[in-house]
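# Architecture and fold: a report
For reference, the chains in residue letters:
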Amino acid sequence: MKKKILSAITLMGVLGLAACGEAGEVTQTAEASAPEMDLTGDAGATADTPADTAEAYPEDVQAIVDRGVLRVGVKNAVLGFGYEDPLTGEYSGMEISLAQKLAEELGVDVEYTAVTAATRTELLDSGDIDCVLATFTITDERKESWDFTTPYYTDYVSVLVEDASGITDLAGLKDTTVGVSSGSTSAKSLVSAMIDAGVIEGAEFDPESFDPATWTDGVKFQQYDDYPTISTALSAGEVDAFCVDKSILAIYRTEGRSYIDAKFAPQEYGIATAKGSGLSGVCEKMIEAYLADGTIEALISENSLD
Ligand code: GLU
C-alpha cells in the first residue's frame, strides 16, 4: 500500500490530561505538529501523486480536523485494551494508543467516551462518537451496518465460574443460566460451542435468528447492560457463569473464580466507523500501515496481550 511520509513527525509533548467532562468522558491532547503518514484517499490506493503533495481529506474527516477533536468510543474496564484508572481518570491500553495515534495523524485532540457492547453502536449511529475502538468483534452481520477495518487483534470467548460451582468445562454448563452482555456475540458463540462439543443437540439453533432472550435448549441466558453487573450476579448466584471474550473476563477473575477449560469462537477486533464514511478509509490505512510496520505487534506486547 501507499505509505507517503509527508514530513517527519514531531510530537512535541507527552500526552496529558487536558480536561474532564461528564462521567466516562476524558479529553486527552497530543501536540502533534504534522501527520506521520498520508491518510487521505482510498485505503490501499497506489501512489500516483507527488510525495510532497497533500491530498484533501474526505468531507467528514475534514470536519473532524476543523473541530480539532476526534471522539472515540472505548472500553473503560478492559485491561490492556481500554482501561480508565479509577484514581487518575487516565485511559490506557492498546485501543487507547491506537485512538491517540489516529488523532495524532489527523493533528487533533482525542476525546474518549466509555461505551458498552450495547451503547457503542447507538453512539456511533447518533454521531456522538466518530469511531469505536472497544473490543468490537467484526461479524458479517455487523458489517452490514458499520464499516470495520482489518482486524488488529484476535481474542477468544471463554467462561468464568465460581470454583465452588464445580463447573470446569462446557459439559458442566448444561442446564445452567449464563450471564452475558446485551448486544454481544457471547451467547451465540457459547451455544454454538456447546453444540460442537456435543453438550446440547441444538436442533433449533439458527445463527441468523438466534436470540439469547428466548433460547432455553440446554442453557439459558440472563442479559445485562455492563460487565460489573454480571460479575456481581455471579457472586450472588443469580447466574452460574459469566461468558464473554477472555480479554474482558480477565479483570473479573478474582480469587475463587476460574475459567472453564474451553476457549472458542475467535473474536477479531476492528475499528468501527459509520458505513461509507471517509473516516473508514483513514482508519483502514492506519491499521494496514501499523500491521505492516510492526506497531500493532509492539502494542500487543507492550500491553502484555500475547
Ligand atoms: N467482543 C464481543 C462483541 O463484540 C464481546 C462484547 C464486548 O466487546 O463487550 O460482541
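Computed from a prediction, not measured in an experiment: that's the story for all the values here. (Residues numbered from 1 in each chain as written. Predicted model: local features only at pLDDT ≥ 70, side-chain atom pairs only at ≥ 80, totals over all residues. Heavy atoms only, no water.)

### Quick notes on the packing of aromatic side chains
How we decide: Geometry of aromatic contacts follows a simple scheme: Phe, Tyr and Trp rings, the Trp one being its six-membered ring, pair when their centres are within 6.5 Å, and the pair is stacked under 30 degrees between planes, edge-to-face over 60, tilted otherwise. Numbering of helices and strands runs from the N terminus; a helix is a DSSP stretch of H or I covering at least four residues, while a strand is a stretch of E covering at least two. Here, a charge over a ring is recorded when the distance from Lys NZ or Arg CZ to the ring centre is within 6 Å and its angle to the ring normal is within 35 degrees.
Applying the stated criterion to the full structure yields 12 aromatic pairs. Judged by centre distance (5.0 Å) and plane angle (75°), the ring pair of F81 and Y153 falls under edge-to-face. A residue pair is termed long-range when its members are at least 10 positions apart, and F81 in the loop between β4 (77–78) and β5 (82–84) and Y153 in strand β10 (residues 153–162) qualify at 72 residues. Both rings, one in F242 and one in Y252, keep their centres 5.5 Å apart while their planes meet at 45°; by these two values the pair is tilted. Of this pair, F242 sits in strand β13 (residues 241–245) while Y252 sits in the loop between α7 (246–249) and β14 (257–259), and the two are 10 residues apart along the sequence. What links up through ring pairs into an aromatic cluster is the set F205, F210, W215 and F221. Directly above the aromatic system of Y259 lies the positively charged group of K246, at a separation of 4.6 Å from the ring centroid.

### Considerations on the side chain of K75
We count it as follows: Summary of the burial criterion: residues with accessible area below 20% of their type's maximum are buried, those above 50% are exposed, and those between are partly exposed, where the area comes from a 1.4 Å probe applied to protein chains only. By the counting scheme adopted, Arg and Lys are positive, Glu and Asp are negative, and His together with the chain ends is not counted. Any Lys or Arg side-chain nitrogen found within 4 Å of a carboxyl oxygen on Asp or Glu counts as a salt bridge. Side-chain atoms alone can form a polar contact between residues adjacent in sequence; in general such a contact is a pair of N or O atoms within 3.5 Å, and within protein one must be able to donate a hydrogen while the other accepts it. Residue contacts are defined here by distance: any two heavy atoms, one from each residue, within 4.5 Å place the two residues in contact.
Summarising the element assignment, K75 is placed in the loop between β3 (69–74) and β4. No salt bridge forms around the buried K75; measuring N to O, its nearest opposite-charge neighbour D245 is 6.8 Å away. A polar contact of 2.9 Å, which involves the side chain of K75, links it to the side chain of T135. Sequence-distant contacts of K75, that is, excluding residues within four places in its chain, are made with G82, Y83, Y91, V115, T116, A117, R120, L133, A134, T135, Y227 and I248.

These figures capture arrangement, not role.
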